[in-house]
Amino acid sequence: MVDIMKELGKESNLTKDIYPLVEIRGENLGTNWKARVRATLEENSSDVDGWLGKYDLFHNKDKGEGNWILRELDESSHEGRLNLWKKIKKIPDGEIDPSYIRELKIYKGATGICRDDSGICISVLNTGKHYPDDIFDEGILYHYPNTPKRPKTFDINETNSVKECASKGLPLFVILPGNNSKKRSIRLGWVVDYDDDSEQFLIKFGEAKPEPVVEKEEQGFVGKTKRKKKLKEVATRSNNQTKFRFDVLKRYGSKCALCNIENKYLVDAAHIIPVDEDGTDDPRNGLILCKNHHAAFDRNLFKIDPNDFSIVVKDNLINISESNLITKTGKMPHIEALEYRFNK
Ligand SMILES: [Zn+2]
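Residues numbered from 1 in each chain as written. Predicted model: local features only at pLDDT ≥ 70, side-chain atom pairs only at ≥ 80, totals over all residues. Heavy atoms only, no water.

Notes on the overall build of the chain
Note the cut-off: Put simply, DSSP H or I for four residues or longer makes a helix, DSSP E for two residues or longer makes a strand, and each gets a number counted from the N terminus. We compute the radius of gyration from the C-alpha atoms alone; for a globule the expected value is 2.2 Å times N to the 0.38, where N is the number of residues. The criterion used for residue contact is that any of the two residues' heavy atoms lie within 4.5 Å. With residues, only the protein chains shown are counted as cover, and all accessible areas are computed by Shrake-Rupley using a 1.4 Å probe. Neither His nor the chain ends is counted toward charge; the positive residues are Lys and Arg and the negative residues Asp and Glu. The atoms used to mark charge sites are NZ of Lys, CZ of Arg, CG of Asp and CD of Glu.
Helix and strand counts for the chain stand at nine helices and 14 strands. A compact globule built from 344 residues should have a C-alpha radius of gyration of about 20 Å, whereas the chain, at 26 Å, is more than 25% larger. The dimensions of the chain, computed from C-alpha atoms along their principal axes, are 95 × 45 × 45 Å. If you take every contact in the chain between residues at least 6 apart in sequence, the share linking residues at least 24 apart comes to 58%. Put simply, the chain shows about 18,900 Å² of open surface, and 50% of that area lies on carbon and sulfur atoms. On the chain, the mean spot of the 56 positive side-chain charges and the mean spot of the 56 negative ones are 4 Å from each other.

Here's what the structure looks like:
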């Protein structure tokens, strides 16, 4: 039956497709062969009541409709997606034709998020134009869709389809620009985290499913670490910064801690113990500040008292509207980081 389903290659109907092919391929089928074919599918499918609980080879897509597909060919299953990935990997990176991506049903054109027949996101498209800083070595920050000229429910459904990848532990494909404008590059990605406030997904690249994200609160705080001397300073700088920005936005929300600016495009993730002084990328060593107050922090135009989070400022010509740090989530940076900075 596996061979038969492989030969059919796609979702197939028991009466219209499967029986006829079995009849062609089979020898000495005997009288009850149709019942036997049906039982073989059902006994090896967790989708139906007749499952024997051992092998789970076949997927019954719409219950009762008699439509079957070999699980490893089903793009909404883990195996199916890894199977597609095996095919993609054979092509040199950056040399993939868009037509091949469509043929594999990974991407259908139109908007940035593409869903498979089950409605689960199968790929996200990054043209590299809008947010070039969002790609880093290990992954990508992918913004929730926000498409004008179409109902908001489209965006919500697409966003939920990406979240479904996270909850089901399914990989997806990240489509990136290729070696030239006619080619594409594809990465296998995993949705490891998302933030409804800054409306971003954190997608990590890799062959295997990454370890789940551990809440920082449960880990000891390390404010300083010897950073490796980087040769390609400019090229790698934004890499860690991208992940740091995601973590800090997720921790505190997109509001400046000193004023009422609240917009993900106008705020920065600032290090409290500076990177130059080996400050780490632990989000508890970070703070969300608007561009102006980030610049003011870098120039030490104000201080944050670690005892009560109050803001100490000589004159307020720099538009600080909060008397204490105020974050959207109510979370605060780590005391050790604030103490280091205050005593500097
Ligand atoms: Zn501000």
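Side note on the coordination of the zinc ion
This is how the line gets drawn: For Na, K and Ca the donor cut-off is 3.2 Å; for every other metal, N, O and S atoms count as donors within 2.8 Å. Water does not enter the count, which can leave sites looking incomplete. Here the metal geometry follows the donor angles, with tetrahedral for four donors whose angles all fall between 85 and 135 degrees, square planar for four and octahedral for six when opposite donors are more than 155 degrees apart and every other angle is between 65 and 115, and irregular for all the rest. Categorising residues by exposure relies on relative accessible area from a 1.4 Å probe, with only protein chains included: less than 20% of the type maximum marks a residue as buried, more than 50% marks it as exposed, and the intermediate range marks it as partly exposed.
Around the zinc ion, the protein supplies Cys-256 (SG), Cys-259 (SG), Cys-290 (SG) and His-293 (ND1) as donor atoms, at distances of 2.1 to 2.3 Å. Here the zinc ion is ringed by four donor atoms whose angles at the metal span 96 to 118 degrees, and the overall shape comes out tetrahedral. Positions of the donor residues of the zinc ion, expressed as sequence spacing, correspond to C-x2-C-x30-C-x2-H. We classify Cys-256 as buried; its relative accessible area is 0%.

Side note on the side chain of Glu-158
Rules: Definition of a polar contact: a pair of N or O atoms within 3.5 Å, with one able to donate and the other able to accept a hydrogen when the atoms are protein atoms, and with sequence-neighbouring residues admitted only if both atoms are side-chain atoms.
Looking at the element boundaries, Glu-158 is found in helix α6 (residues 152-168). Take Glu-158: its relative accessible area is 5%, and that puts it in the buried class. A polar contact is formed between the side chain of Glu-158 and the side chain of Arg-150, at a distance of 3.0 Å. Among residues more than four places away in sequence, those in contact with Glu-158 are Thr-111, Ile-113, Arg-115, Pro-145 and Arg-150.

Side note on the nonpolar core
Spelled out, the test is: The set of buried Ala, Val, Leu, Ile, Met, Phe, Trp, Tyr and Cys residues whose side-chain atoms join them within 4.5 Å is what this entry labels a nonpolar core.
Core analysis: the largest hydrophobic core is formed by 21 residues, its most contacted members being Leu-258, Leu-287, Leu-289, Phe-297, Phe-302, Ile-304 and Leu-325. Those elements giving two or more residues to this core turn out to be β12 (286-290), α8 (291-298), β13 (302-304) and α9 (335-343). With three residues, β12 is the single largest residue contributor to this core. Contact partners of Phe-302, with chain neighbours within four places excluded, come to Leu-258, His-293, Ala-296, Phe-297, Ile-311, Val-312, Val-313, Ile-318 and Ile-320. Grouped together as the second largest cluster of nonpolar side chains are 17 residues, Tyr-142, Val-174, Ile-203 and Phe-205 included.

Concerning the side chain of Asp-47
The topology assignment puts Asp-47 in the loop between α3 (33-43) and β2 (58-60). The buried category is assigned to Asp-47, whose relative accessible area is 16%. There is a polar contact of 2.5 Å between the side chain of Asp-47 and the side chain of His-59. A polar side-chain atom of Asp-47 sits 3.2 Å from a polar atom in the side chain of Arg-71.

Re the domain arrangement of the chain
As a reminder of what qualifies: Segmentation of the chain into domains, including their bounds, is taken from an automatic or database domain assignment.
With domains assigned, the chain is organised as domain 1 (2-73), domain 2 (81-210) and domain 3 (252-343). Taken over C-alpha atoms, the centre of domain 1 sits 61 Å from the centre of domain 3.

Regarding the sheet that holds strand β3 (residues 67-70)
Note the following rule: For two strands to be treated as a pair, DSSP must find no fewer than two bridges joining them.
Sheet architecture is open: three strands sit in the order β1-β3-β2, paired in antiparallel fashion. Looking at the sheet topology across the chains shown, the edges are occupied by β1 (12-13) and β2. Pairing between β1 and β3: two bridges, direction antiparallel. Residue pairing across strands places Ser-12 opposite Trp-68, the latter belonging to β3.

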